[in-house]
Amino acid sequence: MRSFGLAFASWFEKYTFLLIPGSLVLGWLLSDVLLDFVHWIPYLFGYITLVMALGCGIRHLQGVLKRPFAVMLTLFLAHAAAPVLAYGLGSAVFGAHSDYTIGLLLFAIIPLGISSVMWVGSSGGSVPFILAVVVLDTILSPLVVPALMDMFIGDALVAWNASELILDLLTMVVLPTLIGVMLYEISKGRIKEWSAPVTQPISKLFFMLVVMLNAAAIAPHAAGMKEEMLVVIPVVVALIVICYLLGYFGSYAMPGRTEDMQITFTYASGMRNISLGMVLATSYFSPQASIPVVLGIMFQQPAATVIHALFHRRRARAVSYPK
């Protein structure tokens, strides 16, 4: 059972770039059946966040705080530079107050994605740094997400309830994260390895289910937007590419830049917690605003696969042609 659970989790991570878009399509196709279960999403997401946090302890967070410039640069690229570019891109194509612009902005503002840890590890980046930054960014999300959304387009949001959003983020994201960190400390770091054969496969399945349920929630509204997708899809792809490039070139601003940190910055800036973004988009914004976030999940993982191949090729070239 233990080996099966770990093997399944490993298989899922290997084929995430196919499984997640597949879950999205399946959610659209089974929308009529799945709509009755959409209210499960916050609970499923809370579990996913808890499992993520089981691998991070206080020492990881302390280690990150010893590198304040790297942390601040990561958060600046992800939550200052990226939102400005997302808002500018959306405003230029759709208009400043368009629901699609709101969706692009939300994509850029949501916390860093936990899947970035997997890609950083497989590409030779700094796993302790990215894990701790993801947890820190997740904890800060009740402050960051509402503040930035209000700063950019607060006057355009109808029925915007920032206090309710903060409460949801606290219960869905911050509380599970703190519980996970606490369990890590109580177990002296053994909880993740001990529980992984059970918690990891369930977390992967819940991730797929969250994607399916969110897709089902917006499917009835997306059906009439086929022509608009011809414009929205290229814009979303462009934003994803921009976010990755921000991290790659932004790493040059860090003194003593190393290859592993450049890899880490690239994924940190490029990957977002799309499942959380989907939950927030469907709960607080119009169906049109949800579309860019949902499309983001289709292209974020395939883009990460391309980035991984490029880093692998660069490393192979460096070995073949040493300085």
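Rules of the game
Residues numbered from 1 in each chain as written. Predicted model: local features only at pLDDT ≥ 70, side-chain atom pairs only at ≥ 80, totals over all residues. Heavy atoms only, no water. Helix = DSSP H or I, 4+ residues; strand = E, 2+ residues; numbered from the N terminus. Rg over C-alpha atoms; globule rule 2.2 N^0.38 Å. Contact = heavy atoms within 4.5 Å. Areas by Shrake-Rupley, 256 points an atom, 1.4 Å probe, with all protein chains shown as cover. Core = buried A, V, L, I, M, F, W, Y, C linked by side-chain atoms within 4.5 Å. Buried < 20%, exposed > 50% of the residue type's maximum accessible area, 1.4 Å probe, protein only. Salt bridge = Lys/Arg side-chain N within 4 Å of Asp/Glu carboxyl O. Axes fitted to C-alpha atoms, helices over the stretch in contact; angles between N-to-C directions. Parallel < 35°, antiparallel > 145°, perpendicular 65-115°, else oblique. Left-handed = near helix turned anticlockwise from the far one by under 90°. Nonpolar A, V, L, I, M, F, W, Y, C, P; charged D, E, K, R; others polar. pLDDT = per-residue confidence, 0-100. Expected span 1.5 Å × (residues − 1). Patch = residues over 30% accessible without salt bridge, like charges linked within 9 Å, V, L, I, M, F, W, Y side chains within 5 Å. 1 Å grid on protein atoms, 1.4 Å probe; cavity = no way out; pocket = protein on both sides within 12 Å on 5 of 7 lines; lining within 4 Å. Points joined across faces, edges and corners; volume = space filled by probe spheres on them. Phe/Tyr/Trp six-rings, centres within 6.5 Å; stacked < 30°, edge-to-face > 60°.

Enquirer: Before we move on, could you go through the overall build of the protein and cite the residues and values that matter?
Expert: A tally of regular secondary structure across the protein gives 15 helices and zero strands. Here the C-alpha radius of gyration of the protein, 19 Å, is about what a compact globule of 323 residues would show, namely 20 Å. When its C-alpha atoms are laid out on the principal axes, the protein stretches across 55 × 45 × 35 Å. Restricting to contacts in the protein with at least 6 residues of sequence separation, those with at least 24 account for 85%. For the protein, the accessible surface area stands at approximately 14400 Å², while carbon and sulfur atoms represent 70% of it.

Enquirer: So what about the nonpolar core? Which residues, and what values?
Expert: Ranked by size, the top nonpolar core spans 96 residues in total, and within it M149, Y267 and L280 carry the most contacts. Per-element accounting of this core gives the leading share, twelve residues, to helix α9 (residues 127-153). Among all residues touching L280, those that are not within four sequence positions of it are I110, V145, L165, L169, M172 and F285.

Enquirer: Describe the pattern of salt bridges, naming the residues involved and giving the relevant values.
Expert: Pairing is possible between side chains of opposite charge, provided their charged atoms come close. Per the counting criterion, the structure on display carries one salt bridge. In this structure, E259 engages R314 in a salt bridge whose closest nitrogen and oxygen atoms are separated by 3.6 Å. Note that E259 is positioned in helix α13 (residues 259-270) and R314 in helix α15 (residues 287-320), a separation of 55 residues in sequence.

Enquirer: Explain the environment of V241 residue by residue, including any values.
Expert: With respect to the secondary-structure elements, V241 resides in helix α12 (residues 226-250). Taking the relative accessible area as the measure of exposure, V241 reaches 41% and is therefore partly exposed. A sequence separation of 59 residues divides V241 from Q300, and the C-alpha atoms of the two residues are 8.9 Å apart.

Enquirer: Now, about the packing of helix α8 (residues 115-123) against α13: what can you tell me, with residues and values included?
Expert: Running from amino to carboxyl end, α8 crosses α13 at an angle of 155 degrees, the nearest separation of the two axes being 9 Å. In terms of their interaxial angle, α8 and α13 are classed as roughly antiparallel. Crossing geometry of α8 relative to α13 is assigned as right-handed. Residue-level contacts link S116, W119, V120 and S123 of α8 to I263, T264 and Y267 of α13. Partitioning the contact of α8 with α13 into residue classes produces four nonpolar, three polar and no charged.

Enquirer: So what's going on with α8? Residues and values would help.
Expert: What α8 keeps buried is the set S115, S116, V117, W119, V120 and S123. Backbone geometry just downstream of α8 places G124 in the positive-phi region, at approximately 95 degrees.

Enquirer: Let's hear about the packing of helix α6 (residues 68-94) against α13: which residues, and what values?
Expert: Between α6 and α13, whose axes approach to 9 Å, the crossing angle comes to 35 degrees. With respect to the hand of their crossing, α6 and α13 are arranged in right-handed fashion. Where α6 approaches α13, its residues A70, L73, T74 and L77 are matched on the opposing element by M261, F265, A268 and S269. Taken together, the residues of the contact of α6 with α13 break down into six nonpolar, two polar and no charged.

Enquirer: An account of the confidence of the model for the protein is needed here, citing residue identities and associated values.
Expert: Summarising the model, the protein shows a mean pLDDT of 83, and 92% of its residues fall at 70 or more. Averaged pLDDT values for the elements of the protein fall to 76 in helix α14 (residues 274-284) and rise to 93 in α6.

Enquirer: Describe α6, with residues and values.
Expert: Counted at 1.5 Å a residue, the expected span for α6 with its 27 residues is 39 Å, and the 37 Å between its end C-alpha atoms agrees. Backbone geometry just after α6 places G95 at a positive phi near 105 degrees.

Enquirer: Summarise a nonpolar patch on the surface; cite the residues concerned and give the values.
Expert: Judged by side-chain polarity, V25, L26, L29, L30, V33, F37 and W40 come together as a nonpolar surface patch covering roughly 620 Å² of accessible area. With three residues, helix α2 (residues 16-29) is the largest single contributor of residues to the nonpolar patch. One can find L26 in helix α2.

Enquirer: Just give me the short version of the layout of surface pockets, but keep the residues and values in it.
Expert: Estimates place the volume of the largest pocket at around 720 Å³. Considering the residues around the largest pocket, the lining is formed by 33 residues, among which E13, I114, S115, Q200 and K204 are closest to the centre. Elements supplying a minimum of two residues to the lining of the largest pocket: α1 (2-14), α2, α4 (41-53), α8, α9, α11 (191-222), α14 and α15. Top element by residues in the lining of the largest pocket is α11. It accounts for seven residues.

Enquirer: Go over the packing of aromatic side chains with me, naming the residues and quoting the values.
Expert: Under the defined criterion, the tally for this structure stands at 13 aromatic pairs. Taken together, a centroid distance of 5.2 Å and an interplanar angle of 50 degrees make the contact between F94 and Y100 tilted. On the basis of relative accessibility, which here comes to 7%, the residue Y100 falls in the buried class. Pairing Y244 with Y267 gives two aromatic rings, centres 6.4 Å apart and planes at 85 degrees, and the pair type is edge-to-face. Taken together, the residues Y244 in helix α12 and Y267 in helix α13 connect sequence positions 23 residues apart. Of the two residues, Y244 and Y267, both sit in the buried class. Ring pairing ties together the aromatic residues Y244, Y248, F249, Y252, Y267 and F311, which thus form one cluster.

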